Amino acid sequence: VGTVTTVSVTPATVEKAGSVDTYTYICALTLDAEGKIVGVDFDALQTKGTFDTTGAAGEFNAAPLSKNEIKDGYGMKAISPIGLEWYEQMNALEVWCIGKTVDEVLAMNLDESGHPTDADLVSSCTVHINDQLVSLKKAAEACAQ
């Protein structure tokens, strides 16, 4: 298993609460004896919280569901150019990874925003996947230990 966490903070003002938004991307990975991917699962958790100018905590979702648990409730399908929800796009990425080495997956072509440009992926995965690839690399490193 490999994880990567990103955090963004918006300061509080007198008019508006500050916010903290934490994403944790998770990759569970299984490799065969030749180092080829035989199983891979990507997921993500998003934790959000607010605080006031004194630093006092406001709203906080301490036990969020993962994007794979939320499924269609995540709401990406309506705005997705390919009409697929986040978990469906991750399923497509996972299928694309099977049979490849981690190095082959990490060498995939991405645009400047981290979206896949591989012809086999652009019709089924349009989200940025930089953090998924970092979590994949960390999972592979854990497998090697």
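Scroll up to find the structure.
These numbers come from a predicted model, not from an experiment.

Reading the values: rules and limits
Residues numbered from 1 in each chain as written. Predicted model: local features only at pLDDT ≥ 70, side-chain atom pairs only at ≥ 80, totals over all residues. Heavy atoms only, no water. Helix = DSSP H or I, 4+ residues; strand = E, 2+ residues; numbered from the N terminus. Contact = heavy atoms within 4.5 Å. Areas by Shrake-Rupley, 256 points an atom, 1.4 Å probe, with all protein chains shown as cover. Lys, Arg positive; Asp, Glu negative; His and termini not counted. Charge placed at Lys NZ, Arg CZ, Asp CG, Glu CD. Core = buried A, V, L, I, M, F, W, Y, C linked by side-chain atoms within 4.5 Å. Buried < 20%, exposed > 50% of the residue type's maximum accessible area, 1.4 Å probe, protein only. Salt bridge = Lys/Arg side-chain N within 4 Å of Asp/Glu carboxyl O. Pairing = 2+ DSSP bridges.

A.B. asks: Just give me the short version of the overall build of the chain, but keep the residues and values in it.
C.D. replies: The helix and strand tally for the chain stands at 4 helices and 4 strands. When its helices and strands are written in sequence order, the chain yields β-β-β-β-α-α-α-α. When its C-alpha atoms are laid out on the principal axes, the chain stretches across 55 × 40 × 30 Å. The long-range fraction of contacts in the chain, counting pairs at least 24 apart against all pairs at least 6 apart in sequence, stands at 50%. In the structure as shown, the chain presents an accessible area of about 8,100 Å², 54% of it carried by carbon and sulfur atoms. Taking the average place of the 9 positive charges on the side chains of the chain and the average place of its 21 negative ones, the gap between the two points comes to 1 Å.

A.B. asks: For the environment of Thr-101, give the residues involved together with the corresponding values.
C.D. replies: Within the element layout of this structure, Thr-101 appears in the loop between α2 (86-97) and α3 (102-106). Separated by 56 residues in the primary sequence, Thr-101 and Leu-45 have C-alpha atoms spaced 26 Å apart. Excluding anything up to four places from it in sequence, Thr-101 contacts Gly-35, Lys-36 and Ile-37.

A.B. asks: Summarise the nonpolar core; cite the residues concerned and give the values.
C.D. replies: Of all hydrophobic cores here, the largest spans 27 residues; its most connected members are Leu-29, Leu-93 and Leu-136. Going through the elements one at a time, β2 (18-31), β3 (37-51), α2, α3 and α4 (130-144) are the ones with two or more residues in this core. What Leu-93 contacts, discounting residues up to four positions off in sequence, is Phe-42, Met-108, Leu-121, Cys-125 and Ile-129.

A.B. asks: Any details on the pattern of salt bridges? Residues and values, ideally.
C.D. replies: Within the structure shown, the criterion is met by 2 salt bridges. Across the pair Lys-77 and Asp-72 runs a salt bridge, and its minimum N-O distance is 3.6 Å. Take Lys-77: its relative accessible area is 34%, and that puts it in the partly exposed class. For Glu-88, the salt bridge is made with Lys-77, and the minimal N-O distance between the two is 3.6 Å.

A.B. asks: Outline the pairing of β3, supporting the account with residue identities and numerical values.
C.D. replies: Here β2 pairs with β3 via 14 bridges, running antiparallel. Paired with Cys-27 across the bridge in β3 is Phe-42. Sheet analysis places β3 next to strand β4 (residues 57-60), joined by 2 bridges and oriented antiparallel. By the bridge assignment, Phe-51 is partnered in β4 with Ala-57. Following β3, the chain reverses through 5 residues before pairing antiparallel with β4; Gly-55 in that reversal takes a positive phi of roughly 95°.

Purely spatial values, then, with no claim about function.
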